[in-house]
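Residue-level structure breakdown
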Amino acid sequence: MANRKIKLIAVDLDGTLLRQDHITLSPKNREALTRAADEGIEVVVATGRSIAAIAPQVLELPFLRYFITCNGSLTTDREGNVLRAAPLPVDVTLEILAHLTGMGGFAIQLYADQKMYISRAHWEMRDVFHLPVFHLKALFSDGESIVESLAERAKRPGSHLEKINLPCLTPEQKAEVKAWLAERYGDRVRAVSTMPCNLELTDREGSKGAALAALCRTLQVPMAQAVAFGDADNDIGMLEAAGIGVAMGNADAAVQQAADRVTLTNEEDGVAHALRQLLEW
């Protein structure tokens, strides 16, 4: 019998639900989420990825009805209907892209309309920029993702600009970008990391915590009855907002400190382990 105090589970993907290859959903995690869904608990994906980049093994789970994507910039249902959107303004996006391009020395990606884009110039330097393998797979799978200009793509009428991603920065580059953003925009632009080397920029309302709170209101689920799982900087707001925040054993110390409890690592089926305890299986 499930613990009836829990009505919703929000789970991050990379470093949390998936193995370190960013693709594999383990049998134990799949079984745990399926059992929770069978017992009437809403299971929601909350990821920094776009919907197009979510691992097929996750998308195939038939009980998933809602997806919080691009760090909370967009919430959709399985049919693609938008429940909540918090895009970057076009003028802010263009100014940031211009500044980052002027800095040089690192790759820039734009997430727009649930797709990832990169300029042809940066794509041709992908080996120099050390782009993550799963990013390369996403870009190779869609020829439209390589564009001549990210700024021109951002200007496309009616576009939803979810985030700007800097996938591979040195510590010095990351510090410089964050300092400029803070000075120029204050709290209007959020800068969070999902991996040690990256930085992801969204509107201040584009957070997993805000998106989870909004979805719970829509579903009439008290936040106190929501459980959230995460491992990275972009998960902290969600872990703090949920009734129970669970950090992975592989999470950074700051993430673990923000959580109510710490489970095993993603390689040890930490999500399944915590659910067995929380749901008293």
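What comes next is a walk through the structure.

The rules behind each value
Residues numbered from 1 in each chain as written. Predicted model: local features only at pLDDT ≥ 70, side-chain atom pairs only at ≥ 80, totals over all residues. Heavy atoms only, no water. Helix = DSSP H or I, 4+ residues; strand = E, 2+ residues; numbered from the N terminus. Contact = heavy atoms within 4.5 Å. 1 Å grid on protein atoms, 1.4 Å probe; cavity = no way out; pocket = protein on both sides within 12 Å on 5 of 7 lines; lining within 4 Å. Points joined across faces, edges and corners; volume = space filled by probe spheres on them. Nonpolar A, V, L, I, M, F, W, Y, C, P; charged D, E, K, R; others polar. Axes fitted to C-alpha atoms, helices over the stretch in contact; angles between N-to-C directions. Left-handed = near helix turned anticlockwise from the far one by under 90°. Pairing = 2+ DSSP bridges. Buried < 20%, exposed > 50% of the residue type's maximum accessible area, 1.4 Å probe, protein only.

A few words now on the environment of G48. Residue placement: G48 occurs in the loop between β2 (42-46) and α3 (56-59). Between the C-alpha atom of G48 and that of I236, which follows or precedes it by 188 residues, the distance is 13 Å. With sequence-adjacent residues up to four places away left out, G48 is seen in contact with C70, N71, K163, E200, K208 and N234.

Considering only enclosed or pocket space, the second largest pocket measures out at about 160 Å³ in volume. Elements with a contribution of two residues or more to the lining of the second largest pocket: α4 (90-103), α5 (120-123) and α8 (150-154). Among the elements that line the lining of the second largest pocket, the one with the most residues is α4, at four residues. Considered class by class, the residues forming the lining of the second largest pocket number seven nonpolar, four polar and no charged.

This brings us to the packing of α4 against helix α9 (residues 171-185). Running from N to C, α4 and α9 cross one another at 145 degrees; their axes reach a closest spacing of 12 Å. Both α4 and α9 take part in a crossing whose hand is right-handed. Contact residues: α4 offers V92, E95, I96, H99, L100 and M103, while α9 offers E176, V177, W180, L181, R184 and Y185. Of the residues in the contact of α4 with α9, the class split is eight nonpolar, one polar and three charged.

Moving on to the sheet that holds strand β1 (residues 8-11). Pairing is mixed in the open sheet, where eight strands are placed in the order β5-β4-β3-β2-β1-β12-β13-β14. Of all strands in the sheet, those bounded by a partner on one side alone are β5 (82-85) and β14 (261-262). Two elements, β1 and β2, share four bridges in a ladder whose sense is parallel. The residue bridging V11 from the neighbouring strand is V45, located in β2. The strands touched by helix α10 (residues 208-219) within the sheet are β1, β2, β3 (66-69), β4 (74-77), β5 and β12 (226-230), with β3 carrying the most contacts at an inclination of about 160 degrees. This element, helix α13 (residues 270-278), spans β1, β12, β13 (244-247) and β14 of the sheet and lies at about 155 degrees to β12.

A word on the pairing of strand β7 (residues 115-119). With respect to burial, β7 is a largely interior element, five of its five residues being buried. Alternating positions in β7 separate into two faces, K115, Y117 and S119 on one and M116 and I118 on the other, with burial throughout. In this sheet, β7 lies alongside strand β6 (residues 109-112) in antiparallel orientation, the contact comprising four bridges. Following the sheet pairing, Y111 is matched in β7 by M116. Hairpin geometry of β6 and β7 is characterised by an intervening segment of two residues between the two adjacent antiparallel strands and by a positive phi of about 55 degrees at D113. By the bridge criterion, two bridges tie β7 to strand β8 (residues 146-147) in an arrangement that is parallel. Along β8, the bridge assignment pairs I118 with I146.

Let us now look at the sheet that holds strand β9 (residues 161-166). With respect to topology, six strands assemble into an open sheet ordered β8-β7-β6-β9-β11-β10, the strand pairing being mixed. Since the sheet does not close on itself, it has two edges, and those belong to β8 and β10 (189-192), each with one partner. Judged from the three bridges that link them, β9 and strand β11 (residues 199-203) form a sheet pairing that is antiparallel. Bridge pairing links I164 to L201 in β11.

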